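Commentary on secondary and tertiary structure
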Amino acid sequence: MFSVINKLWLMQVCFGGIAILGFSIRSNIRGWKLIFTSLGGAICWGLYLMFLGWSKSLLLSVFLATLSVCLYSEVMGRIYRIPVSVFVICAIIPLVPGSGLYYAMKAYIDGNGMEFMAKMGQTLMIAGTISVAIAVMSSITNLFRSMIRRF
Amino acid sequence: MSEHAINKVAELAIETGRLVLESGGETHRVEEMMHNVCSGFGYPDNESYVTLTGIFLSIKSAAGEVVTLIKRIETFGVDLDKISAVSKLTLDLQKQNCRLKGNKNFVPMSFDDYNRKLELIKFRKPYPVWVKMLCGGITPGFFSLLFGGSWLEFGVAFVMGVYVSIILRLLAFMHLNKFLINAVGAGLIVWFAQMAGLHIGQMNTDKIIIGGIMLLVPGLAITNAIRDTMAGDLVAGTARTVEAIFVAAAIATGAGSMLKLWALLV
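Residues numbered from 1 in each chain as written. Chains lettered and ligands numbered in written order. Predicted model: local features only at pLDDT ≥ 70, side-chain atom pairs only at ≥ 80, totals over all residues.

Of the regular secondary structure elements, chain B holds 10 helices and three strands. Projected onto its principal axes, the C-alpha coordinates of chain B cover approximately 75 × 35 × 30 Å. Taking all 266 residues of chain B together, the buried fraction comes to 45%. Here the contacts in chain B between residues at least 6 apart in sequence split such that 66% fall between residues at least 24 apart. (Helix = DSSP H or I, 4+ residues; strand = E, 2+ residues; numbered from the N terminus. Buried ≥ 20, exposed ≤ 12 C-beta atoms within 10 Å, placed from the backbone. Contact = placed C-beta atoms within 7 Å.)

Structure (structure tokens):
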């Protein structure tokens, strides 16, 4: 699992962080929060690559990376008392399947029906996996919070 | 009996909700914040119903007086700074006026104090335009590197991102709807990348286009759709899902028509 950590991986993580920094400034986040949102994006992409190298499964690595980045956002949101969605919105952007959407459209324009179906299916699966991961993590935190309140 | 007039509190609560909803907040958070404002100023008996396009708020005083307000939401933007600032403000209000009531060390937040802070948040200056344009270049540039592009592709994607951000900003003045803006944006991205591929050569235009498309993907809509649905707000969740699907369809339409046009003409 840790065998993917090398110079290339570190560069990818840095690129992910800087890309999300730009995205957060476009979403008008200010001050020290910028550091944590771009760190979220970097963690998301880095963990995705690690899980991908370990499991060789696209959907599982998307699921686990989204799950961990949602956990990170919940912790950060709790510590700094700002809405959790602020962190989640910025952090999941690298995983959103923009490339799949484009490749599917390109295959369709080229008249390659099989390729189009495969890419479109993959895009929808990734989008669904991200949604399920966000849903699971927000349910877990809700459960956790109600348990704390009870005891 | 509260010392604040019931209509003033209702207006203030609905103004708070409007500010957050127009900045792209989740509806269940908006309901929570409005509840905090009303109970913070002495009306714990309140109900609110928030959809993406309107806010309904009803407050009942201890004497049995009822005030109901409806607010239509017209504009949608993304301003995560405003969401977090208002969230912090309402949490402070709730802490000072409800939970620590009677504690000598804490003075309750007054009505004017809250109003002044809300006005400050409302008119807080956004980033200057050139910073946003620059970030519109940084994001596609680094995304194209992230998806396996070279440094040449980074440069082209950077310039393309800045140009597309400027054009989209100009188009926003024309009040086009979301579908058209995203379709035009995706079309411009494909056109610019193909032009660069034709005149500079030696590059993978796909990586540039994907980097540019990441600028438009509906990340906020997906996140809010799921989190709203999980919080039990099915109406807002469905609406956000439809928004996400529409934006994705718009991107696909814009990119696809430009690809086809390019294939026909060149």
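Within chain A, the regular secondary structure consists of six helices and zero strands. Starting at the N terminus, the α and β elements of chain A follow one another as α-α-α-α-α-α. By its C-alpha atoms, chain A is 60 × 35 × 35 Å across when sized along the principal axes. Scored against the burial criterion, the 151 residues of chain A give a buried share of 50%.

Residue and element names in this part refer to chain B. The domains assigned to chain B are domain 1 (6-122) and domain 2 (129-265). The gap between the C-alpha centroids of domain 1 and domain 2 is 35 Å. Listed as interface residues are seven residues of domain 1 and, on the opposing side, nine residues of domain 2. Among the residues forming the side of domain 1 that touches domain 2, the class breakdown is two nonpolar, four polar and one charged. (Domains from an automatic or database assignment. Nonpolar A, V, L, I, M, F, W, Y, C, P; charged D, E, K, R; others polar.)

With that settled, the discussion passes to the packing of helix α3 (residues 80-99) of chain B against helix α4 (residues 111-122) of chain B. Residues and elements named next belong to chain B. The contact between α3 and α4 brings their axes to 10 Å, and the two run at 170°. As summarised for this structure, α3 and α4 are arranged roughly antiparallel, according to the angle between their axes. Every residue of α4 that contacts α3 at K82, A85, V86, L89 and L93 is listed here: Y114, K117, L118 and I121. Looking at the contact of α3 with α4 residue by residue, the class counts come to seven nonpolar, no polar and two charged. (Axes fitted to C-alpha atoms, helices over the stretch in contact; angles between N-to-C directions. Parallel < 35°, antiparallel > 145°, perpendicular 65-115°, else oblique.)

Moving on, we get to the sheet that holds strand β3 (residues 66-72) of chain B. Residues and elements named next belong to chain B. Strand order in the open sheet formed by three strands is β1-β2-β3, and the pairing between neighbours is antiparallel. The two strands at the open ends of the sheet, each matched to only one other strand, are β1 (46-50) and β3. Strand-to-strand, the axes of this sheet are offset by a mean angle of 10°, without reference to chain direction. Pairing analysis gives five bridges linking β1 to strand β2 (residues 54-60), with the strands arranged antiparallel. (Pairing = 2+ DSSP bridges.)

Attention now goes to the packing of helix α2 (residues 33-55) of chain A against helix α3 (residues 58-80) of chain A. How two helices pack is summed up by the angle between their axes together with the distance between the axes. Residue and element names in this part refer to chain A. Where α2 contacts α3, the axes come no closer than 8 Å and their chain directions differ by 150°. Classified by the angle their axes make, α2 and α3 are roughly antiparallel. Relative to α3, the crossing made by α2 is right-handed. Of the residues in α3, those in contact with F36, G40, I43, C44, L47, Y48, F51, L52 and S55 of α2 are L58, L60, S61, V62, L64, A65, S68, V69, Y72, S73 and M76. (Left-handed = near helix turned anticlockwise from the far one by under 90°.)

Let us now look at the pairing of β2 of chain B. Residues and elements named next belong to chain B. Side chains I55, L57 and I59 project from β2 onto a buried face, and the interleaved G54, F56, S58 and K60 project onto a face without burial. What sits between the antiparallel neighbours β1 and β2 is a turn of three residues. Bridge count for β2 against β3 is seven bridges, and the pairing is antiparallel. Paired with S58 across the bridge in β3 is T68. Between the end of β2 and the start of β3, which pair antiparallel, lie five residues, with G64 showing a positive phi angle near 100°.

This next bit is on the environment of A5 of chain B. In this structure, A5 of chain B sits in the segment before α1 (6-22). For the pair A5 of chain B and R29 of chain B, spaced 24 residues apart in sequence, the C-alpha separation works out to 25 Å.

Our focus in this paragraph is the environment of F36 of chain A. Secondary-structure assignment places F36 of chain A in helix α2. Put simply, F36 of chain A and M76 of chain A are 40 residues apart on the chain and 8.2 Å apart in space, counted from C-alpha to C-alpha.

We now examine the confidence of the model for chain B. Detailed conclusions should not be drawn from predicted coordinates in areas where pLDDT is low. On average, residues of chain B score 88 in pLDDT, and 97% of them are at 70 or above. The ipTM value of the predicted complex is 0.90, and its pTM value is 0.88. (pLDDT = per-residue confidence, 0-100.)

Okay, helix α9 (residues 219-230) of chain B next. All names here are of chain B. Here α9 spans 17 Å end to end across 12 residues, near enough to the 16 Å set by a 1.5 Å rise per residue. If you check which residues of α9 are buried, you get G219, L220, A221, I222, T223, N224, A225, I226, R227, D228 and T229. Backbone geometry just after α9 places G232 at a positive phi near 95°. (Expected span 1.5 Å × (residues − 1).)

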